[in-house]
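Structural characterization, general
Here is how the chains run, residue by residue.
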Amino acid sequence: MARKSSIQQLDPRLRSAVDELIREGRYTLDDIVAHLAKLNGGEAPVSRSALGRYAQRAEEQMRRYKEAQEVAKVWVNKFENEPDGDVARLLPEMLRSVAFQTLGSIGDREEGADSQEVMFLAKAMKDLASADVLTTQRILKIREETAKKAAVEAVKTAKAQGLSDDAAELIRQKILGVV
């Protein structure tokens, strides 16, 4: 793995200042170098070219993140309209795929993982796990409701056919899995 960039090796206070100025998007590289020099006692701790490379990567990551947010909004809207449809089943799998591709691309890069990128990826994985739990709970609830309806219908049909209340209750318990 290649060595970390000089920006990543900065004191956390200075790196935080760099990240904040890049995120704001109002400052030139020269402005950021001058600000770092002021914070560092007069001398800039990194070169303008290193800062430029770092800023390009950060801006690319922000652009990809914003694109992903826009795509997610479209999918979420479709999901809200059809919570049990194909999109609901496909969405978590797509997100899992993106997360694993991102993990793979992190290993291929020279500078390795950015702490912010790792944070977003960890949050996405946590959210996927939560979505899996909710999906499982929803499926179980649907199955339970379906079984209850089937049990009610079976009891009605059994009683209409002349079965005793005890026999009908036994059928209901068998359908619901109650012993």
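Where an unreviewed UniProt entry is consulted, the protein appears under the name Terminase, with the organism given as Parazoarcus communis.

1. Let's talk about the overall build of the protein
The helix and strand inventory of the protein stands at 6 helices and 0 strands. The linear arrangement of helices and strands in the protein, starting from the amino end, is α-α-α-α-α-α. Over its C-alpha trace the protein gives a radius of gyration of 28 Å, far above what one expects of a compact globule, namely 16 Å for 179 residues. In terms of principal-axis extent, the alpha carbons of the protein reach across some 95 × 30 × 25 Å. Of all 179 residues assigned to the protein, the portion counted as buried reaches 23%. A separation of at least 24 residues holds for 53% of the contacts in the protein among residues at least 6 apart in sequence. Split by element, the accessible area of the protein, about 12,600 Å² in all, is 56% carbon and sulfur.

2. Notes on the packing of aromatic side chains
Under the defined criterion, the tally for this structure stands at 1 aromatic pair. Look at Tyr65 and Phe120: their rings are 4.6 Å apart centre to centre, the planes differ by 20°, and that puts the pair in the stacked class. Pair noted here: Tyr65 is in helix α3 (residues 48-81) and Phe120 is in helix α5 (residues 115-160), with a separation of 55 residues, a long-range link.

3. Some remarks on helix α1 (residues 12-24)
Compared with an ideal rise of 1.5 Å per residue, which puts 13 residues at 18 Å, α1 spans 18 Å between its outermost C-alpha atoms and is within 8% of the ideal. What α1 keeps buried is the set Leu14, Arg15, Ala17, Val18, Leu21 and Ile22. Buried residues of α1, viewed axially, fall in a sector of 155°; they line one side. One side-chain oxygen of the residue at the start of α1 lies 2.9 Å from the amide nitrogen of Arg13, identifying that residue as Asp11. Backbone geometry just after α1 places Gly25 at a positive phi near 75°.

4. Examining a nonpolar patch on the surface
Residues Tyr65, Met119 and Phe120 make up a contiguous nonpolar surface patch of roughly 280 Å² in combined accessible area. Within the secondary structure layout, Met119 lies in helix α5.

5. Quick word on the pattern of salt bridges
Per the counting criterion, the structure on display carries 11 salt bridges. With a closest N to O distance of 2.8 Å, Arg26 and Glu24 form a salt bridge. Owing to a relative accessible area of 60%, Arg26 belongs among the exposed residues under this scheme. For Glu24, a relative accessible area of 33% puts it in the partly exposed group. Between Lys148 and Glu144 there is a salt bridge, with its nearest N and O atoms 3.3 Å apart.

6. Section: α5
Helix length check: α5 (46 residues) gives 67 Å between terminal C-alpha atoms against 68 Å at 1.5 Å per residue, within 8%. Within α5, the full set of buried residues consists of Glu117, Leu121, Leu128, Ala151, Val155 and Ala158. Gly162, located one to two residues past α5, shows a positive phi value of around 95°.

7. Comments concerning the packing of α5 against helix α6 (residues 165-176)
Where α5 meets α6, the closest approach of the two axes is 9 Å, and the angle between their N-to-C directions is 160°. With respect to their mutual orientation, α5 and α6 come out roughly antiparallel. You can see that α5 and α6 cross each other, and the crossing is right-handed. Residues Ala147, Lys148, Ala150, Ala151, Ala154, Val155, Ala158 and Lys159 of α5 pack against Asp165, Ala168, Ile171, Arg172, Ile175 and Leu176 of α6.

Rules behind the numbers
- Residues numbered from 1 in each chain as written.
- Predicted model: local features only at pLDDT ≥ 70, side-chain atom pairs only at ≥ 80, totals over all residues.
- Heavy atoms only, no water.
- Helix = DSSP H or I, 4+ residues; strand = E, 2+ residues; numbered from the N terminus.
- Rg over C-alpha atoms; globule rule 2.2 N^0.38 Å.
- Buried < 20%, exposed > 50% of the residue type's maximum accessible area, 1.4 Å probe, protein only.
- Contact = heavy atoms within 4.5 Å.
- Areas by Shrake-Rupley, 256 points an atom, 1.4 Å probe, with all protein chains shown as cover.
- Phe/Tyr/Trp six-rings, centres within 6.5 Å; stacked < 30°, edge-to-face > 60°.
- Expected span 1.5 Å × (residues − 1).
- Arc of directions from axis to C-beta.
- Polar contact = N/O pair within 3.5 Å; in protein donor to acceptor, adjacent residues only side chain to side chain.
- Patch = residues over 30% accessible without salt bridge, like charges linked within 9 Å, V, L, I, M, F, W, Y side chains within 5 Å.
- Salt bridge = Lys/Arg side-chain N within 4 Å of Asp/Glu carboxyl O.
- Axes fitted to C-alpha atoms, helices over the stretch in contact; angles between N-to-C directions.
- Parallel < 35°, antiparallel > 145°, perpendicular 65-115°, else oblique.
- Left-handed = near helix turned anticlockwise from the far one by under 90°.

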